[in-house]
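Close look at the chain arrangement
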Amino acid sequence: MQVPVVIALEASAPGRGGFPIEVGYSHRHGDGWCSLVRPEPGWRDWDETCFCRHLIARDMLQIAGRTTPEIAALLNQRLQGLTVYSEAEGGGYYRLHQLFSAAGAEPAFRLADLREIISAPQRQIWQLTRIQIEKELSLTRRRASNQAKIAQLTWLRTFDTVHAG
C-alpha cells in the first residue's frame, strides 16, 4: 500500500451553512500545500466556536485568500488522477463540492474516505497514535495542511505498527 495523499478543509461554521475557509493536503512524500479561501459573495455563515479552533479571521480571508477558481485549478493540477483521502467523513465531500461548484469546475481527482483504508487493527490504535503524533509535532496553529499531515502520519504509523513483522 502506498502512503495516501490526505486532504483537509477548515470551515467557517458546522453544517450546510458553513463554507470552506482553508484547504490543504499532505502528499505521498509528506510535502504539503495550504491556501486560504476567499469567500464567495453568498457565503456568510460564521461560527465563533469554529473561529476559536482555526483562528483565521474573516477579513484575513478577503486579504490573503485565493479565489475558488484559483484553488480548484491548483488542486486539479497537483492531484490529477490520484485518489485523495479525507478524514472528515461526509464533511470533506460537501466542502470540496462547495469549493469546486463555486469555481465552476470538477475535481480531476477522486475523493475517498480515509476510513476505507484503515484496517480494524489500525482503528484500535488510531486515537492514541494520533494524540502522540500531535504531541510530537507540537503545532501551535490548526491549519488544513497540518490536519492532513497528522491524519497521514497517523495512517502511516498505525499501518507500520500493525504490519511490523
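In this report, the structure presented in the accompanying data block is examined. Position labels on residues start from 1 in each chain and follow its written sequence. In keeping with the predicted nature of the model, local features appear solely for residues at pLDDT of at least 70, side-chain atom pairs appear and are counted solely at 80 or more, and the whole-chain, interface and lining totals rest on all residues. As a rule here, side-chain values cover all heavy atoms of the structure and leave hydrogens and water aside.

A word on the nonpolar core
Put simply, the rule reads: To form a nonpolar core, buried Ala, Val, Leu, Ile, Met, Phe, Trp, Tyr and Cys residues must be joined to one another through side-chain atoms within 4.5 Å. Three exposure classes are used, based on accessible area relative to the maximum for each residue type with a 1.4 Å probe and protein chains only: buried under 20%, partly exposed in between, and exposed over 50%. The way it works is that DSSP assigns letters per residue, a run of H or I at least four long becomes a helix, a run of E at least two long becomes a strand, and they are numbered from the N terminus. Whether two residues touch is decided by their heavy atoms; if any such pair falls within 4.5 Å, the residues are in contact.
One finds Ile-7, Val-23, Leu-75 and Leu-79 to be the most contacted residues of the largest nonpolar core, which totals 26 residues. Contributing elements (two or more residues each) for this core: β1 (5–11), β2 (20–26), β3 (32–36), α3 (68–79) and α4 (90–103). When residues no more than four places from it in sequence are discounted, the contact partners of Leu-79 are Val-5, Tyr-25, His-27, Val-84, Ala-108 and Phe-109. Ranked by size, the runner-up nonpolar core spans 12 residues in total, among them Ala-112, Trp-126, Ala-144 and Ala-151.

Concerning the packing of aromatic side chains
Remark: the centre distance and the inter-plane angle together describe each pair of aromatic rings, the angle taken between the planes. Heads up, the condition is: Here is the rule: rings of Phe, Tyr and Trp (six-membered ring for Trp) pair when centre to centre is within 6.5 Å. Planes less than 30 degrees apart are stacked, more than 60 are edge-to-face, and the remainder are tilted.
Enumeration according to the criterion identifies 5 aromatic pairs in this entry. Ring pairs connect the aromatic residues Phe-19, Trp-43 and Trp-46, which therefore count as one cluster.

Some thoughts on α3
Just so we agree on the cut-off: The span you would expect from a helix comes to 1.5 Å times its residue count less one.
For α3, built from 12 residues, the straight-helix expectation of 16 Å at 1.5 Å per residue is met to within 8% by its first-to-last C-alpha distance of 16 Å. Looking one or two places after α3, you find Gly-81, whose phi comes out positive at around 80°.

Quick look at the layout of surface pockets
To keep things clear, this is the line we draw: Definitions used throughout: a 1 Å grid over protein atoms alone; a cavity as a set of points that fits a 1.4 Å probe which cannot get out; a pocket as an open set with protein on both sides within 12 Å along at least five of seven lines; a lining residue as one with an atom within 4 Å of a point. Grid points are joined across faces, edges and corners, and a volume is the space filled by probe spheres set on the points.
Taken as a whole, the largest pocket encloses approximately 450 Å³ of empty space. Among the elements of the structure, β1, α1 (48–54), α4 and α6 (144–163) are those that each provide at least two residues to the lining of the largest pocket. Of all the elements, β1 adds the most residues to the lining of the largest pocket, at 6 residues. Reported here for the second largest pocket is a volume of approximately 150 Å³.

Comments concerning the sheet that holds strand β4 (residues 83–86)
Selection rule: Here the rule is simple: two strands pair whenever DSSP picks up at least two bridges between them. Between N-to-C directions, angles cover 0 to 180 degrees, with each direction set by a line fitted to C-alpha atoms, over the stretch in contact for helices.
In space, the 5 strands of this open sheet follow the order β3-β2-β1-β4-β5, with mixed pairing throughout. The strands lining the two open edges of the sheet, one partner per strand, are β3 and β5 (110–113). Looking at each pair of strands side by side, their axes are set apart by 25° on average, direction ignored. Examined bridge by bridge, β1 and β2 share 6 bridges and lie antiparallel to one another. Each bridged residue has a counterpart across the sheet, and for Val-6 the counterpart in β2 is Ser-26.

Some points on the packing of helix α5 (residues 120–137) against α6
To keep it simple, the criterion reads: Convention used here: angles under 35 degrees read as roughly parallel, angles over 145 as roughly antiparallel, angles from 65 to 115 as roughly perpendicular, and any remaining angle as oblique. Crossing handedness is defined as follows: a turn of the near helix away from the far one that is anticlockwise and smaller than a right angle gives a left-handed crossing, while the clockwise case is right-handed. Amino acids outside the nonpolar list (Ala, Val, Leu, Ile, Met, Phe, Trp, Tyr, Cys, Pro) and the charged list (Asp, Glu, Lys, Arg) are all regarded as polar, and Gly is one of them.
Contact geometry of α5 with α6 gives a least axis separation of 8 Å together with a crossing angle of 130°. Put simply, α5 runs oblique to α6. Considering how the two elements wind past one another, α5 and α6 form a crossing that is right-handed. Of the residues in α6, those touching α5 at Pro-121, Gln-122, Ile-125, Trp-126, Thr-129, Arg-130, Gln-132, Ile-133, Glu-134, Glu-136 and Leu-137 are Gln-147, Ile-150, Ala-151, Leu-153, Thr-154, Trp-155, Arg-157, Thr-158, Phe-159, Thr-161 and Val-162. For the contact of α5 with α6, the class distribution of residues is 11 nonpolar, 7 polar and 4 charged.

What to know about α5
Condition: Working definition for bend: take the seven residues up to and ending at a residue and the seven starting at it, fit an axis to each, and measure the angle between the axes.
Compared with an ideal rise of 1.5 Å per residue, which puts 18 residues at 26 Å, α5 spans 25 Å between its outermost C-alpha atoms and is within 8% of the ideal. A bend of about 50° at Trp-126 is the largest found in α5. Along α5, the positions that sit buried rather than exposed are Gln-122, Trp-126, Thr-129, Arg-130 and Ile-133. Check the buried side of α5 and you find it contacts α6. Phi turns positive, to about 40°, at Ser-138, one or two residues after α5.

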